[in-house]
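Single-letter residue listing:
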Amino acid sequence: MIQFDKVVKRFGDVTVLRELDFHVKPAERVTLIGPSGSGKTTILRLLMTLERVTSGTIEVDGQCLSHMKRGDRTVPADEKHLRQVRKKIGMVFQQFNLFPNMNVLRNITEAPVRALGVPREQAEEKARELLEMVELSDKALAHPSQLSGGQQQRVAIARALAMEPEVLLLDEVTSALDPELVSGVQSLLRDIARSSNLTLLCVTHEMNFARDISHRVLMFDQGQIVEDGPPEQIFNEPEQQRTRDFLQAVLDA
Amino acid sequence: MMTVNPCSGDLPGVFGETMPFLCQGALVTLQSAAGGAALAIVIALIVGLMASSPLRTVRGVARVYMEFFRGTSVLVQLFWLFYAMPILTGYQLDKVFAGVLALGLNLGAYGSEVVRGALQAVPPSQREAAIALNFTPLQRMRYVILPQAFAEMVPPMNNLLIELLKATSLLSVITVADLAYEGRLLVNSGSDQLVVFALMLVIYFLFSYTITLVMRFVEKRAARMVGRGKPRRATAAAEAAR
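Residues numbered from 1 in each chain as written. Chains lettered and ligands numbered in written order. Predicted model: local features only at pLDDT ≥ 70, side-chain atom pairs only at ≥ 80, totals over all residues.

- Naming follows an unreviewed UniProt entry, where chain A appears as Ectoine/hydroxyectoine ABC transporter ATP-binding protein EhuA of Nonomuraea deserti.
- In the Sequence similarities (unreviewed entry) part of its UniProt record, chain A is described as follows: "Belongs to the ABC transporter superfamily."
- A UniProt comment under Subcellular location (unreviewed entry) is attached to chain A, and it reads "Cell membrane". (UniProt positions renumbered as here; feature names shortened; annotations may be inferred.)

## Structural notes on the overall build of chain A
Here is step 1: A tally of helices and strands in chain A yields nine helices and twelve strands.
Here is step 2: Referenced to the eigenvectors of the C-alpha coordinate spread, the extents of chain A come out at roughly 55 × 50 × 35 Å.
Here is step 3: Here chain A holds 253 residues, and the buried ones make up 45% of them.
Here is step 4: Long-range pairs, those at least 24 residues apart, make up 63% of the contacts in chain A between residues at least 6 apart in sequence. (Helix = DSSP H or I, 4+ residues; strand = E, 2+ residues; numbered from the N terminus. Buried ≥ 20, exposed ≤ 12 C-beta atoms within 10 Å, placed from the backbone. Contact = placed C-beta atoms within 7 Å.)

## Here we look at the confidence of the model for chain B
Residues and elements named next belong to chain B.
Here is step 1: Looking at chain B, pLDDT values average 89 and 93% of them are 70 or higher.
Here is step 2: When the criterion is pLDDT under 50, residues 231-242 qualifies, and its contacts beyond four places in sequence or with other chains add up to eight contacts.
Here is step 3: Among the prediction metrics, the complex's ipTM stands at 0.92, with pTM recorded as 0.85. (pLDDT = per-residue confidence, 0-100.)

## Considering the interface of chain B and chain A
Here is step 1: Each partner contributes residues to the interface: chain B has 23 residues there, and chain A has 25 residues.
Here is step 2: Looking at the side of chain B that touches chain A, the elements that each hand over two or more residues are α5 (124-132), α6 (137-167) and α9 (233-241) of chain B.

## Overview of unusual backbone geometry
Here is step 1: A positive phi angle, near 40°, is found at E19 of chain A, a position not held by glycine.
Here is step 2: Among the structural elements, E19 of chain A can be located in strand β2 (residues 14-24).
Here is step 3: Accessibility expressed as a C-beta count within 10 Å gives 14 for E19 of chain A, which makes it partly exposed.
Here is step 4: For N134 of chain B, which is not glycine, the phi torsion reads 65° and is therefore positive.
Here is step 5: As for its placement among the helices and strands, N134 of chain B is situated in the loop between α5 and α6.

## Notes on the sheet that holds strand β11 (residues 216-221) of chain A
Residues and elements named next belong to chain A.
Here is step 1: Read from one edge of the open sheet, six strands run β8-β9-β10-β3-β11-β12, paired in mixed fashion. The sheet terminates laterally at β8 (89-92) and β12 (224-229), the two strands that pair on one side only. The average undirected angle you get between the axes of adjacent strands in this sheet is 20°.
Here is step 2: Examined bridge by bridge, β11 and β12 share five bridges and lie antiparallel to one another. Of the residues in β12, the one forming a bridge with L218 is D228. (Pairing = 2+ DSSP bridges. Axes fitted to C-alpha atoms, helices over the stretch in contact; angles between N-to-C directions.)

## Overview of the UniProt feature "domain: ABC transporter" (unreviewed entry) in chain A
Here is step 1: Mapped onto the present numbering, the UniProt feature "domain: ABC transporter" (unreviewed entry) falls at residues 2-247 of chain A.
Here is step 2: Helix makes up 38% of residues 2-247 of chain A and strand 28%. Its end C-alpha atoms lie 26 Å apart.

## Observations concerning the sheet that holds strand β5 (residues 63-64) of chain A
All names here are of chain A.
Here is step 1: Strand order in the open sheet formed by four strands is β2-β1-β4-β5, with antiparallel pairing between adjacent strands. The sheet is open, and its two borders are formed by β2 and β5, each paired with just one other strand.
Here is step 2: Alignment of strand β1 (residues 2-11) against β2, held across seven bridges, turns out to be antiparallel. Across the sheet, F4 pairs through a bridge with F22, a residue of β2.

## Points about helix α4 (residues 120-133) of chain A
Residues and elements named next belong to chain A.
Here is step 1: Taking 1.5 Å of rise per residue, 14 residues should cover 20 Å, and α4 covers 20 Å from first to last C-alpha, within 8% of that figure.
Here is step 2: Looking only at α4, the buried set comprises A123, A127, L130 and L131. Taken around the axis of α4, the buried residues stretch over an arc of 100°, which confines them to a single face. In this structure, α4 carries E121, Q122 and E132 as exposed residues pointing more than 90 degrees from its buried face.
Here is step 3: Of the surrounding secondary structure, the elements contacted by the buried residues of α4 are α3 (104-116) and α5 (149-162).
Here is step 4: Downstream of α4 by a residue or two, E135 has a phi angle that is positive, lying close to 60°. (Expected span 1.5 Å × (residues − 1). Arc of directions from axis to C-beta.)

## So, the nonpolar core
Here is step 1: Grouped together as the largest cluster of nonpolar side chains are 138 residues, with contacts concentrated most on L47, L169 and L201 of chain A together with L164 of chain B.
Here is step 2: Looking at which element gives the most residues to this core, the answer is helix α1 (residues 13-51) of chain B, with 15 residues.
Here is step 3: Every residue in contact with L201 of chain A, bar those within four places of it in the chain, is listed here: I2, V24, V30, L44, L47, V167 and L169 of chain A. (Core = buried A, V, L, I, M, F, W, Y, C linked by C-beta atoms within 7 Å.)

## Describing the packing of α1 of chain B against helix α8 (residues 193-225) of chain B
Residue and element names in this part refer to chain B.
Here is step 1: Two elements in contact, α1 and α8, have axes whose closest approach is 11 Å; the angle formed by their N-to-C orientations is 35°. The element α1 and its partner α8 pack so that their crossing is right-handed. Contacts between α1 and α8 involve V14, T18, L22, A26 and L30 on the former and, on the latter, V195, V196, L199, I203 and F207.
Here is step 2: For the contact of α1 with α8, the class distribution of residues is nine nonpolar, one polar and no charged. (Left-handed = near helix turned anticlockwise from the far one by under 90°. Nonpolar A, V, L, I, M, F, W, Y, C, P; charged D, E, K, R; others polar.)

## Describing the pairing of strand β4 (residues 55-60) of chain A
Here is step 1: Relative to β4 of chain A, β1 of chain A runs antiparallel, the two sharing five bridges. Within β4 of chain A, the residue paired with I2 of chain A across the bridge is V60 of chain A.

## Section: the packing of α4 of chain A against α5 of chain A
Residue and element names in this part refer to chain A.
Here is step 1: At a closest axis distance of 9 Å, the pairing of α4 and α5 adopts a crossing angle of 140°. Overall, the two elements α4 and α5 adopt an arrangement that is oblique. The two elements α4 and α5 meet at a crossing, and its hand is right-handed. Here K126, A127, L130 and L131 of α4 come into contact with α5, specifically with A158, L161 and A162.
Here is step 2: Considered class by class, the residues forming the contact of α4 with α5 number six nonpolar, no polar and one charged. (Parallel < 35°, antiparallel > 145°, perpendicular 65-115°, else oblique.)

## Points about the environment of A77 of chain A
All names here are of chain A.
Here is step 1: Along the polypeptide, A77 turns up in the loop between β7 (73-76) and α2 (79-86).
Here is step 2: C-alpha separation for the pair A77 and S66, spaced eleven residues apart in sequence, amounts to 5.3 Å.
Here is step 3: Apart from the residues lying within four places of it in its own chain, the contact partners of A77 are L65, S66, H67, M68 and L82.

Structure follows, in structure tokens:
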């Protein structure tokens with residue numbers, strides 16, 4: 001489903017990703033862990049086309065993100081191509097990023113209506129179903145600023161799902177939440193993960209959540225994968241010293 | 001209750017003698033201010049959007065426009081449009097039209113800077129969220145960025161509109177019969193200077209205060225639209241009805 005091939009990402013002089021190779025199978029749930037600045041979030045941002053690769057290629061469902069074929073030449077992707085690839089991908093942000101100029105219902109329906117051309121009635125029906133799933137049916141007409149952080153994040157999840165993505169990217173989705181709101185959002189995501197066949201790529205500092213939700217955990221350091229394995233192995237018997245140190249530091253905190 | 005027409009020639013003494021002329025002038029002032037404002041706002045939006053374009057040439061064109069019209073005086077622009085243009089092109093503009101054009105071009109340049117700044121003040125994360133939801137670049141601007149930037153634009157636009165109102169007095173130089181022009185005329189023809197100048201002050205002030213009141217209303221509405229300020233039940237219901 002997702003294929004990284006020798007991906008390099010540099011910001012100025014700083015190399016964030018060094019010739020990164022990895023792939024994610026359809027319906028696989030993969031969690032990226034590692035110290036801050038190790039390039040985890042950059043991976044999600046590259047996939048969402050919020051950043052461009054410096055070199056290398058990323059493919060989603062067989063389609064290249066950064067380039068497209070024109071005739072038999074490969075040229076940088078234009079907006080039309082990007083929109084085509086993005087259709088398959090949804091993202092939930094650390095800071096929710098709800099649109100403050102729309103109420104909750106509009107936040108969820110606006111993109112399906114505008115970007116996909118779904119009739120508004122149909123989009124609203126779907127939005128209400130999603131709001132029910134995230135247990136916010138009574139907040140449809142509320143303004144985002146009237147909601148708690150946890151509620152806002154649940155709306156953001158509903159908003160991403162309304163686009164019916166095949167891949168969902170979760171970027172530290174509970175990091176900005178008050179501690180007592182974290183578990184609500186996590187259990188919601190757990191339910192979504194188990195009841196759908198979404199391909200999930202998740203950056204988190206919550207190791208229990210990572211253990212719960214993922215089929216595979218990738219340990220990152222300095223823009224490279226240090227260790228790759230099922231959660232039981234990574235958390236219980238990590239092979240690499242770097243992973244052991246990291247987990248030690250996280251668990252001590 | 002008896003209503004008094006403030007523009008009536010039947011008013012006692014010096015008022016009856018001056019107010020009909022001042023009112024005529026005030027109307028012209030109002031018309032040129034309205035015309036100039038409409039033009040300035042349209043220009044501000046277009047050039048402000050251009051100045052935020054990802055394309056360097058488009059940004060460059062906007063930049064040149066903004067710097068040029070901010071950096072030269074309205075009066076000189078007026079002279080060019082009204083006196084120099086006919087010499088160069090053989091085409092004589094109507095004087096009110098030339099005035100509205102000069103005001104719109106000049107204040108539009110300031111307004112573009114306001115629009116550009118407001119667009120830039122919208123957090124980049126909003127744009128990113130809109131990309132993640134697969135909006136087209138145009139839809140991002142139309143449905144996400146602009147509505148949020150709008151709330152930022154209103155207070156500085158209020159300033160500009162008041163500037164524009166006051167700048168209309170420059171039109172009297174090319175003999176547009178506005179409030180300032182009528183005032184000078186009255187004084188020159190022997191009306192009491194102090195009274196005439198005082199009345200002019202009051203009229204300009206009333207106009208500019210009206211602008212402020214209207215813009216404050218718009219500002220409150222805009223703030224509520226982006227969730228700052230208190231949301232009212234009525235607006236929530238109106239939103240739902242849409």
